[in-house]
Amino acid sequence: MPDLLKRLADIVSSRVFVRAVFFAFFVSACAQLLRFAAWARGAGPYVARPEAPAGLLPIGHFTSFFAWVRGGEWDTLLPAGLVIILGAIALSWLLKRGFCGWICPLGSLWEGGALLGRKLLGGRNVRVPKWLDLTGRAVRYTLAGAILVWLFMVPLSEAISFRELPYMWTADIKIISGFGSPVFVVAFALAFVLSMLFGPVWCRYLCPLGGWYSVLGMASPCAVERDDELCVNCSKCTKVCHAFVDVERAPKRVWAPECDGCMDCVRVCPAPGALEARVLGGPRIRAWLWPVLVLGLWLAIYAGAKSTGNWDTRIPVETFQQVITSGQLELKTPGGL
Ligand code: SF4
Ligand code: SF4
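Residues numbered from 1 in each chain as written. Chains lettered and ligands numbered in written order. Predicted model: local features only at pLDDT ≥ 70, side-chain atom pairs only at ≥ 80, totals over all residues.

**A short note on the packing of helix α2 (residues 15–40) against helix α9 (residues 166–177)**
Running from amino to carboxyl end, α2 crosses α9 at an angle of 110°, the nearest separation of the two axes being 10 Å. Judged by the inter-axis angle, α2 sits roughly perpendicular to α9. The segment α2 lies against α9, with C30, L33, L34 and A37 engaging D172, I173 and I176. Its residues placed into classes, the contact of α2 with α9 shows six nonpolar, no polar and one charged. (Axes fitted to C-alpha atoms, helices over the stretch in contact; angles between N-to-C directions. Helix = DSSP H or I, 4+ residues; strand = E, 2+ residues; numbered from the N terminus. Parallel < 35°, antiparallel > 145°, perpendicular 65-115°, else oblique. Contact = placed C-beta atoms within 7 Å. Nonpolar A, V, L, I, M, F, W, Y, C, P; charged D, E, K, R; others polar.)

**Quick notes on the pairing of strand β2 (residues 275–279)**
With five bridges joining them, strand β1 (residues 222–226) and β2 adopt antiparallel strand pairing. In the strand pairing of β2, C222 is matched with V279. Across two bridges, the pairing between β2 and strand β3 (residues 284–285) is antiparallel. The residue bridging R278 from the neighbouring strand is R284, located in β3. Here β2 hands over to β3 after four residues, with L280 in that stretch at a positive phi of 50°. (Pairing = 2+ DSSP bridges.)

**Re the nonpolar core**
Residues V224, V254, C265, V266 and A277 are the most contacted members of the largest nonpolar core, which totals 74 residues. At eight residues, the largest contribution of residues to this core is made by helix α4 (residues 79–94). (Core = buried A, V, L, I, M, F, W, Y, C linked by C-beta atoms within 7 Å. Buried ≥ 20, exposed ≤ 12 C-beta atoms within 10 Å, placed from the backbone.)

**Remarks on the domain arrangement of the protein chain**
Put simply, an interface is often sized by how much accessible area is lost when its parts join up. Looking at the protein chain, the domain boundaries give domain 1 (57–71 + 78–220 + 289–308) and domain 2 (221–285). Spacing between the C-alpha centres of domain 1 and domain 2 amounts to 24 Å. Each partner contributes to the interface: domain 1 provides 19 residues, whereas domain 2 provides 16 residues. The element contributing the most residues to the side of domain 1 that touches domain 2 is helix α12 (residues 208–218), with four residues. (Domains from an automatic or database assignment.)

**Re the site of ligand 1**
The full set close to ligand 1 counts 14 residues, and C241, A243, C259, C262 and C265 are the nearest of them. For the shell around ligand 1, the residue count by class is eleven nonpolar, one polar and two charged. (Near = placed C-beta within 6 Å.)

**So, the environment of A80**
Inspection of the secondary structure puts A80 in helix α4. Among the residues examined, A80 registers 22 C-beta atoms within 10 Å and is labelled buried. Linking A80 and Y302, residues 222 residues apart in sequence, is a C-alpha distance of 8.8 Å. Beyond its immediate stretch of four places on either side in the chain, A80 contacts E51, A54 and W311.

Okay, here's the thing in structure tokens:
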């Protein structure tokens, strides 16, 4: 019985399981948004408008977020976007890119491809030459830096007025509706195949948000640590790391910006005490507890926002209905780009 319970705990706290649950929730929220749009057009029964698809609009909501950081007011029209950003920042800093490693639905797709690739390729994705890997990662950080500068340069008044534009309110519907277009399907298939071969290439080489979160994760108080005296140099940790971190040769703490706290290395380590996640080098965080902390913090932020009226939109459904039926779904970006 204890074995069965342990096995169950291992499954429920595994990254595949946690990611799958979040991914299923996000897909169902997107489907619900489409049903809401159908209702607005008079083509179906009423369903409440879900807020979670706000995560599909990072540029728009980060524009709003930085406007808030620069002294503009909190977005009361679509606050869920800002809450998701705050949650992602908190998880990235406190738990080593916890958002990328356990929650991000897009990352889950590419991780799914990478996992399938590992199964087909005999246990490991293909590692690109070091110079190409470094170049690709440099591209991601350059993109991340350029977008950050641009977000700070968008005039404050324009950033604030952008959140008041009707097409921002319905851009998520436009994006979800475009998922079936040939261009999207081809791009998705290409990215999926590349992820099968080389691991999640979007996350590692292109995602600007991942670039920001990696930098934040470097300053995380919680990280994997290796004890050189207890390590038996079996290389299992390095082999299992989906982020290609050479854990076996890490100095005491795994600093790597690509580490997303997946805990795979800790789980496979056969030497008791050799590899553990710790808080500031002190208290140990067991492998099963890490995802519990990630989920707990994420849900606490959501619950706090929801209970204080900072999650749901204050735009009346009749206004959404008007915008949707008037066809104002054209997607634009702030700053004239
Ligand atoms: S296997 Fe270890 S080093 Fe690699 S990403 Fe996961 S936690 Fe980080
Ligand atoms: S898995 Fe553990 S024992 Fe093996 S090399 Fe890594 S830290 Fe050392």
